[in-house]
Amino acid sequence: MAACKVSVVDYRTSNLLSITKAFQKVGAVVEMTNNQDDIANAERVVLPGVGAFGAAIRNMDSLGIKQAVVEFGKSGKPMIGICLGMQLLFSVSFELGIYDGLNLIPGEVVAFDSKMKVPHMGWNKVDLLKPSKLFHDVEGGQYAYFVHSYFAKTDDAYVAGMTNYGVNFPAIVESGNIFGIQFHPEKSQAFGLKILENFLRA
């Protein structure tokens, strides 16, 4: 397979080095960008992310790239959101306020129950619920590494993988050309790298 190019969106709330190295490890050519023209012309877009939802959206607005990301998502070309990047795909977040998301997948981002220790950190099982382009040569019942205090709530139709932490929550979502993974693939060993490799095939 010829090397695929991925454009990692730098919206100034992410540690880009680890996800860049992970994509390079599975054979991708990686470009980091916060330029709207680069995003519009990308082959594949990656929304990485750590930090707070509101800060991420504000940074996208201030950089003038939010609409470019939305339009790319509607273009039919492959896009993946990782951790906070997955949460940004949804309609609204209630993390430390109320913030509109990219609205590429309908749903909302909410906090875990106060009885649960947060963040949800460490290894947890991911149950694969239905076929996905991300699951080529991937067996069910895999474990992935999570670090997050909020989770997405969306229609079951968009949920490809589920994890339980006091409540069942989407670990992997898919809507046409748009994918999201709540865990850190770069920390999830062979399973995480295989998910990234399969994104390059999507």
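Note that this is a predicted model, so its numbers are computed, not measured.

Chemist: Now, about the overall build of the chain: what can you tell me, with residues and values included?
Modeler: Helix and strand counts for the chain come out as 6 helices and 13 strands. Over its C-alpha trace the chain gives a radius of gyration of 15 Å, about what one expects of a compact globule, namely 17 Å for 202 residues. Taken along the three principal axes of its C-alpha coordinates, the chain extends 45 × 40 × 30 Å. Across the 202 residues that make up the chain, the buried fraction comes to 52%. For the chain, the proportion of contacts with a sequence separation of at least 24, taken over those separated by at least 6, is 70%. Counting only carbon and sulfur atoms, one obtains 48% of the accessible surface of the chain, whose full area is about 8900 Å².

Chemist: Break down the packing of helix α1 (residues 16–25) against helix α6 (residues 189–201) for me, with residues and values.
Modeler: Viewed as axis vectors pointing N to C, α1 and α6 meet at an angle of 70°, and their least axial separation amounts to 9 Å. It follows from the interaxial angle that α1 and α6 lie roughly perpendicular. Considering how the two elements wind past one another, α1 and α6 form a crossing that is right-handed. Between α1 and α6, the contacting residues are I19, A22, F23 and K25 on the first element and L193, L196, F199 and L200 on the second. Looking at the contact of α1 with α6, its residues break down into 7 nonpolar, no polar and 1 charged.

Chemist: Just give me the short version of the pattern of salt bridges, but keep the residues and values in it.
Modeler: Under the definition given, this model contains 3 salt bridges. Note that K125 and D127 form a salt bridge whose closest N and O atoms lie 3.7 Å from each other. Here K194 ties to E197 by a salt bridge, and the two come within 3.4 Å at their closest N and O atoms. A residue pair is termed a helical-turn pair when its members lie 3 or 4 positions apart in one helix, as K194 and E197 do in helix α6 at 3 residues. Look at K194 and you get buried, because its relative accessible area is 18%. Note on E197: relative accessible area 24%, which makes it partly exposed. What you see here is one network of salt bridges that share partners, running through K194, E197 and R201.

Cut-offs used in this document
Residues numbered from 1 in each chain as written. Predicted model: local features only at pLDDT ≥ 70, side-chain atom pairs only at ≥ 80, totals over all residues. Heavy atoms only, no water. Helix = DSSP H or I, 4+ residues; strand = E, 2+ residues; numbered from the N terminus. Rg over C-alpha atoms; globule rule 2.2 N^0.38 Å. Buried < 20%, exposed > 50% of the residue type's maximum accessible area, 1.4 Å probe, protein only. Contact = heavy atoms within 4.5 Å. Areas by Shrake-Rupley, 256 points an atom, 1.4 Å probe, with all protein chains shown as cover. Axes fitted to C-alpha atoms, helices over the stretch in contact; angles between N-to-C directions. Parallel < 35°, antiparallel > 145°, perpendicular 65-115°, else oblique. Left-handed = near helix turned anticlockwise from the far one by under 90°. Nonpolar A, V, L, I, M, F, W, Y, C, P; charged D, E, K, R; others polar. Salt bridge = Lys/Arg side-chain N within 4 Å of Asp/Glu carboxyl O.

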